Every structure is written in C-alpha cells, then in structure tokens.
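Understanding the architecture of this molecule
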Amino acid sequence: MKIRTFILIIFLAIYTSAYCQLSRSEEQKLDSLMKENKIPGASLSILKNSKVVYNKGFGISNASNKVNEKTIFQAASLSKFPTGLLFLINTQNQIFDLDNDVNVYLKTNKLDGYNSEPNTIPTISQLLSHTGGMNTHGFLGYKPNRKIIPTIENVIDGKHTFLWESEIKIKNKVNSEFNYSGGGYCYLQKVIKDTKGELFRTVMQKELLQPLNMKNSYFGLNPNKEDDIAYGYKNGKPIKFGYRVYPQEAAAALWTNSFDYSQLLLEVLAGLNDDKSSILTKESIALLKSPAKLSNGKLIRSGLGVGLQLDENKKVKGISHGGANVGYSSFFYLNLTNGSGYVILTNAHYANLKEIKNLITENIAEN
C-alpha cells in the first residue's frame, strides 16, 4: 500500500509539473487573445529549468478537428534554426568549415561575386547570420496542386517560380550589413544536397530530427501525416488548398509541433552544459550564439540561424526566432542563463502574437 501511494505521489508530481504551468485563468486569457487576433489554433510548449513543463494545443486545426499534441504546423522561418544546427553538427564532423565560401561545396549553381568585389563569395556562417549580402527576404510558397513545383536549383535560378521571384544572387557587398535573406538559405540547402548527395529533407531527418526523437517533425510534407496537419487560415478563414508547399526547405519548410521543436532548445541547453547526451559540443553552442561581426567591426544581434538577446552588459542571454508563412505564424525564445523559454506555433497568417508572448513571459517569470 505504501509503495502504491509513493508511486501515485510521484506520478502526480510529474503530471503537475508537466501540465499545470499555465493556470486555468491564464489559459482562458490565451483563448481570448487568440479570438481577438483571429488565431484559430496554436501549439504551445513552455520550458523551465531546462525541462518542458507545459505542452498543450489550443483551438482548431481545421473545420472539424481540434489541435492536439500530435497536430503539426508549418514553422516557417523557425526552420532556419535547425538548419544552423545541422551545419554545426557537420562542422563538428569536419564535413564543413563555416569560414569557407559556399562555392567550395557547390557542384552547380555557383555564386557570382558582387560587382565591386567579384572574387568575394559569402561563407557558410555569413549566410547563416544574414550577412552574406544576398537578395530575397522570403517566399510565398506554391499551391500543392501546382503543375510544376520548382526544385531548389529552379528557385536559385528563378525558373518555374512566380514572376516576381527573381534569381537568387548577391546584391550587396558581402559582410557589409545585416540583410535578412531566405535566399541565402536556399544556397545552404544546395550545399547540403551537393555535399551529401541526398535531398536536404533526407539529411535533416537522419542527422537531426531522428536522433532527437522528433517523431512528428518533417521538412517538406509527409503525405502519411495529412490527418495531423493544422491547415492555414487568413483573417479567420481557411486558405485555399489548406497550406502552401515550400521547396525552400532550409528557410521555411519545417512541419512540427511545439513539443518536438522544444527538443532543439533542450539540445542547445545540453550542449551549453557540456552534457554528454548532446549531439552538439560546447564549442558549437558558442559558435551558434556568437554575434556576427561585420567588416567594419560592428557586432550584430544575429547568430547562426537565430536572433540574439543581450543583457545589460551586452552579453548574449537568449536566442529566438519568429516565422511567418502563408497561413502560419510562429515564435520561440530560449533563455540560455536559466533554461526557460517557450515555443508557439499557430495556423494564422501574420498573426499578432505580442500579447500572447507577454502572457507567457510573465507566467515564466512568476513561476
């Protein structure tokens, strides 16, 4: 009897820790904010002390289903963070040197230099930190029934794309300024494909998502998981065909839920604390969170696939990234000092997440 009681106490402690981070009134407030901002559904995970202490779905994934723990969303530009981690893993394995220019690894579609510096090609780290001088901020995706979905080579060359989607190339002097570029990540995707001899999504699955047991996460769309998709909405109405297809996988094509995505954050914390279970070394985490340095010596708040938050002494205390695809909006934040943070994924087009983020941040600070 005593053993059973002890087991029950342990179970309740674990259950409370995992699922009672937001109070009922806070959950009601979150529901209210979602309605105010026309956000049909959301997946939320909260981290405290380097553990996921809360994981819950809110609202609907489509007209007939509610969001649950398996529901996956397009993470949009949150895809860039795992792309950075993939390059760090391969740098550890001496496949890449982050300071080599990308043409070293490209078999085709090599970059031409900027007109005033024809021999200057951005490095891998410069493309990861958006200091490579590249054009093309982001992408609108393609309808799933489109006759021709462009390959990554097509995207780079501006072929079989929308009329307004030009060739991806260097538009500014390399390392002269921060210029957010999903286009640069297309070249990083091509680097992975040419070096590994496999599609980016295949390499990502084998080298990052599977080792971290991210069972509900995919780059591209796994047709077998269609039933688990949160379909995109715009102004409270479902978008036609439910979602868009993004061949720009490294920049925008991750499907995941907040709990799965949290495993990436936990992995960073493990590497930061030199945990042997991590697939990332402490040196890699130092590179991840190092502010990029421009040619004029200025440091910017951008690391390798993440934005950086600084403390009052201008030391990096946190990493974050936001995302917006057609029909989806997302955000994550991780405090590297105390292991707290959160991941929120929604199926709302360019959703206003400010008040929701404030609610979560206040909760983390109070508990």
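What comes next is a walk through the structure. (Residues numbered from 1 in each chain as written. Predicted model: local features only at pLDDT ≥ 70, side-chain atom pairs only at ≥ 80, totals over all residues. Heavy atoms only, no water.)

1. Looking at the packing of aromatic side chains
We apply this condition: Between 30 and 60 degrees the pair is tilted, below 30 it is stacked and above 60 it is edge-to-face, where a pair is any two Phe, Tyr or Trp rings, Trp via its six-membered ring, whose centres lie within 6.5 Å. Helix and strand definitions here come from DSSP, where helices need a minimum of 4 consecutive H or I residues and strands a minimum of 2 consecutive E residues; each element is numbered from the N-terminal end. Note on classification: 1.4 Å probe, protein chains only; a residue is buried when its accessible area is under 20% of the maximum for its type, exposed when over 50%, partly exposed between these limits.
If you walk through the whole model with that rule in mind, you get 12 aromatic pairs. With centroids separated by 5.4 Å and ring planes inclined at 80°, the aromatic side chains of Phe200 and Phe219 adopt a geometry described as edge-to-face. With Phe200 in helix H7 (residues 200-209) and Phe219 in strand S4 (residues 218-219), the pair connects residues that are 19 residues apart, well separated along the chain. For Phe200, a relative accessible area of 2% translates into the label buried. Looking at Phe219, the relative accessible area reads 4%, which means it is buried. Here Tyr261 and Phe332 contribute two aromatic rings whose centre-to-centre distance is 5.6 Å and whose plane-to-plane angle is 45°, an arrangement assigned as tilted. Residue Tyr261 is found in helix H9 (residues 258-272), and its partner Phe332 is found in strand S10 (residues 328-335); the two are separated by 71 residues along the sequence. The same class applies to Tyr261 and to Phe332, which are both buried. Put simply, the rings of Tyr231, Tyr243, Trp255 and Tyr328 touch in pairs and so form one group of aromatic residues.

2. Overview of the sheet that holds strand S3 (residues 73-74)
Let me state the cut-off plainly: DSSP-based pairing: two strands are paired if at least 2 bridges between them are found.
One open sheet holds the three strands; their spatial order is S3-S7-S4, and the pairing between them is antiparallel. Two strands in the sheet have a free side with no partner beyond their single neighbour: S3 and S4. Looking at chain direction, S4 and strand S7 (residues 254-256) are connected through two bridges and run antiparallel. Pairing of Tyr218 across the sheet is with Trp255, part of S7.

3. Here we look at unusual backbone geometry
A positive phi is found at Ala76, a non-glycine position, where the angle reads about 55°. By secondary structure assignment, the location of Ala76 is in the loop between S3 and helix H3 (80-92). Residue Asn109 is not a glycine yet carries a positive backbone phi of 55°. Among the structural elements, Asn109 can be located in the loop between H3 and helix H4 (124-128). Overall, the relative accessible area of 16% leaves Asn109 in the buried class.

4. Here we look at the pattern of salt bridges
Rules: The working definition used for a salt bridge is a side-chain nitrogen of Lys or Arg within 4 Å of a carboxyl oxygen of Asp or Glu.
For the structure on display, the rule yields seven salt bridges. Salt-bridge contacts for Glu198 lead to Lys206; the nearest nitrogen and oxygen are separated by 2.9 Å. On the accessibility criterion, Glu198 (29% relative accessible area) is partly exposed. Classification of Lys206 by relative accessible area gives partly exposed; the value is 43%. Among the salt bridges present, the one from Arg201 reaches Glu249, with a minimum N-O distance of 2.7 Å. Remark: Glu249 occurs in helix H8 (residues 249-252) and Arg201 occurs in helix H7; sequence separation between them is 48 residues. Given a relative accessible area of 38%, Arg201 falls into the partly exposed group.

5. Some details on helix H2 (residues 24-36)
The condition is simple: Expected span of a helix: the number of residues minus one, times 1.5 Å. By arc we mean the arc of the directions from the helix axis to the C-beta atoms, nothing more.
Between its terminal C-alpha atoms H2 stretches 18 Å, which fits the 18 Å expected from 13 residues at 1.5 Å a residue. Here H2 has its buried residues at Glu26, Glu27, Leu30, Leu33 and Met34. Here the buried residues of H2 occupy an arc of 120° about the axis, which is enough to place them on one side. Residues Arg24, Lys35 and Glu36 are exposed on H2 and point more than 90 degrees away from its buried face.

6. Here we look at H3
Helical geometry note: an α-helix holds 3.6 residues per turn, so side chains three or four residues apart project in the same direction. Between its first and last C-alpha atoms H3 spans 19 Å; for 13 residues at 1.5 Å apiece the expected length is 18 Å, and the two agree. Summarising burial for H3: 11 of the 13 residues are buried, a large majority. Within H3, burial applies to Lys80, Phe81, Pro82, Thr83, Gly84, Leu85, Leu86, Phe87, Leu88, Ile89 and Asn90. Gln94 sits one or two positions beyond H3 and adopts a positive phi of about 60°.

Such coordinate-based values are descriptive only and should not be taken to indicate function.
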